[in-house]
Amino acid sequence: MKFDVLTLFPEMFSALSESIIGKASKTDKININLIDIRDFSKNKHKKVDDYPYGGGAGMVIRPDVVYDAYKSIDSENAKVIYLSPQGKLLNQEKVKELSKYNHLILLCGHYEGIDERVIEEIEPEEISIGDYVLTGGELPAMVLIDTVSRYIDGVLNEESTVEESFSNGLLEYPQYTRPEIFLNREVPEVLLSGHHKNIENWRKDKMIEITKKKRPELLDLERRNLNDGCY
Ligand code: 4GX
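Residues numbered from 1 in each chain as written. Predicted model: local features only at pLDDT ≥ 70, side-chain atom pairs only at ≥ 80, totals over all residues. Heavy atoms only, no water.

Caption draft 1: Region of interest: the sheet that holds strand β6 (residues 103-108). Strand order in the open sheet made by the 5 strands is β2-β1-β6-β5-β7, with parallel pairing throughout. Looking at strand neighbours, the two that pair on one side only are β2 (31-36) and β7 (125-128), the edges of this open sheet. Direction aside, the axes of adjacent strands within the sheet are offset by 30° on average. Relative to β7, strand β5 (residues 79-89) runs parallel, the two sharing 5 bridges. Within β7, the position partnered with I81 by the bridge is E125. Helix α5 (residues 138-149) rests against β1 (2-7), β2, β5, β6 and β7 of the sheet, and its axis sits at about 160° to β6. (Pairing = 2+ DSSP bridges. Helix = DSSP H or I, 4+ residues; strand = E, 2+ residues; numbered from the N terminus. Axes fitted to C-alpha atoms, helices over the stretch in contact; angles between N-to-C directions. Contact = heavy atoms within 4.5 Å.)

Caption draft 2: Representation of the site of the ligand in the model. Near the ligand lie 19 residues; those nearest to it are Y82, I129, G130, Y132 and L134. At 3.4 Å from a nitrogen atom of the ligand is found a side-chain nitrogen or oxygen belonging to S128. Between the ligand and L134, the relevant distance is 3.0 Å, taken from an oxygen atom to a main-chain nitrogen or oxygen of the residue. Coverage of the ligand by the protein chains reaches 93% of its 460 Å² of free accessible surface. Here the shell around the ligand gets 4 residues from one element, more than from any other, and that element is β5. Classifying every residue of the shell around the ligand by side-chain character gives 10 nonpolar, 8 polar and 1 charged. (Near = heavy atom within 4 Å. Polar contact = N/O pair within 3.5 Å; in protein donor to acceptor, adjacent residues only side chain to side chain. Areas by Shrake-Rupley, 256 points an atom, 1.4 Å probe, with all protein chains shown as cover. Nonpolar A, V, L, I, M, F, W, Y, C, P; charged D, E, K, R; others polar.)

Caption draft 3: Just a negative patch on the surface, in detail. Residues E116, E120, E121 and E123 make up a contiguous surface patch of negative charge. Looking at the secondary structure, you find E123 in the loop between α4 (116-122) and β7. The exposed category is assigned to E123, whose relative accessible area is 65%. (Patch = residues over 30% accessible without salt bridge, like charges linked within 9 Å, V, L, I, M, F, W, Y side chains within 5 Å. Salt bridge = Lys/Arg side-chain N within 4 Å of Asp/Glu carboxyl O. Lys, Arg positive; Asp, Glu negative; His and termini not counted. Charge placed at Lys NZ, Arg CZ, Asp CG, Glu CD. Buried < 20%, exposed > 50% of the residue type's maximum accessible area, 1.4 Å probe, protein only.)

Caption draft 4: Looking closely at the confidence of the model for the protein chain. Per-residue confidence for the protein chain gives a mean pLDDT of 94, with 92% of residues at or over 70. Here residues 227-231 is a poorly scored stretch, pLDDT under 50, and it has 5 contacts once near neighbours within four places are set aside; other chains count. (pLDDT = per-residue confidence, 0-100.)

Caption draft 5: Focus on the nonpolar core. In this structure, F3, I30, I81, L104, L106, L144 and V148 are the most contacted members of the largest nonpolar core, which totals 25 residues. At the level of elements, β1, α1 (19-26), β5, α3 (92-98), β6 and α5 are the ones that each hand at least two residues to this core. Of the residues forming this core, the biggest block, 5 residues, is contributed by α5. Discounting chain neighbours no more than four positions away, the residues touching L144 are I81, L83, L98, L104, L106 and I127. Formed by 20 residues, the second largest nonpolar core is a distinct cluster that contains V48, A69, L107 and I119. (Core = buried A, V, L, I, M, F, W, Y, C linked by side-chain atoms within 4.5 Å.)

Caption draft 6: Quick peek at the side chain of H103. One can find H103 in strand β6. H103 sits in the buried class, given a relative accessible area of 11%. Here D4 takes part through its side chain, which lies 2.7 Å from a polar atom of the side chain of H103. When near neighbours in sequence (up to four residues on either side) are disregarded, H103 contacts M1, K2, D4, I73, D74, E76, N77, A78 and K79.

Caption draft 7: Fine view of the pairing of β2. Direction of pairing for β1 relative to β2: parallel, over a ladder of 6 bridges. Residue pairing for β2: L6 is matched across the bridge by I35. Between β1 and its parallel partner β2, the chain crosses via α1, and the hand of that crossover is right-handed. (Right-handed = clockwise from strand over helix to strand, strands pointing away.)

Caption draft 8: Region of the structure containing helix α6 (residues 196-214). Spanning 19 residues, α6 covers 26 Å between terminal C-alpha atoms, matching the ideal 27 Å at 1.5 Å per step. Three or more residues of α6 are buried, namely I199, W202, M207, I210 and T211. In an axial view of α6, the angular spread of the buried residues amounts to 160°, which keeps them on one side of the axis. Away from the buried face of α6 by more than 90 degrees, exposed residues D205 and K212 are located. (Expected span 1.5 Å × (residues − 1). Arc of directions from axis to C-beta.)

In structure tokens:
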């Protein structure tokens, strides 16, 4: 999977050099290419933003610099995404869908956003990572890269492939490791039993119990999906 990221703050993406995503980059399972929008400014001070027509607070990113930055990418067969609070909410189903592309182009806005005319020209799909306001699209782009990369072959080790929370619409069962007793709390006995069928059943029960307790609305969603939207 190739990710081209159009951003004014490429240094923020150094977070993706760590851990599993860092390893996936080093081993070429994924390729994250950062394009600094500022490099396409024709202004002698490398200015990329200006005051909004009609007045109001903040600055707007100029359409011409974004367009030139976008045109520098070979976008054939690529899916273009604009991270914006106005987009459809990202969920695991959308993540899976995006992981089927070979090439994603991620456009990160900042300040009050990007001039509407270049958005109309590029026609990206708008995606939001949640109903709250961030200072820019960089963290959302990183969330998207992280979540999508988990579905790319070889990124996760085979034990922890993507058969977990949300894949079945349920939350995960609790995990335990050594020590066997911590602050007087014991590891559930069944997990020490070596009885694989009992362990599997215990974990399934826990998934339903925990989902009921912490996110009951997920059970309703699951019921709707199973019944094709009919009750
Ligand atoms: N999920 N933000 C983008 C700049 C902006 C403003 C208007 C487009 C239109 C966000 C989110 C988010 C803050 C990133 C505003 N871009 N993006 N930025 N939540 O809050 O994706």
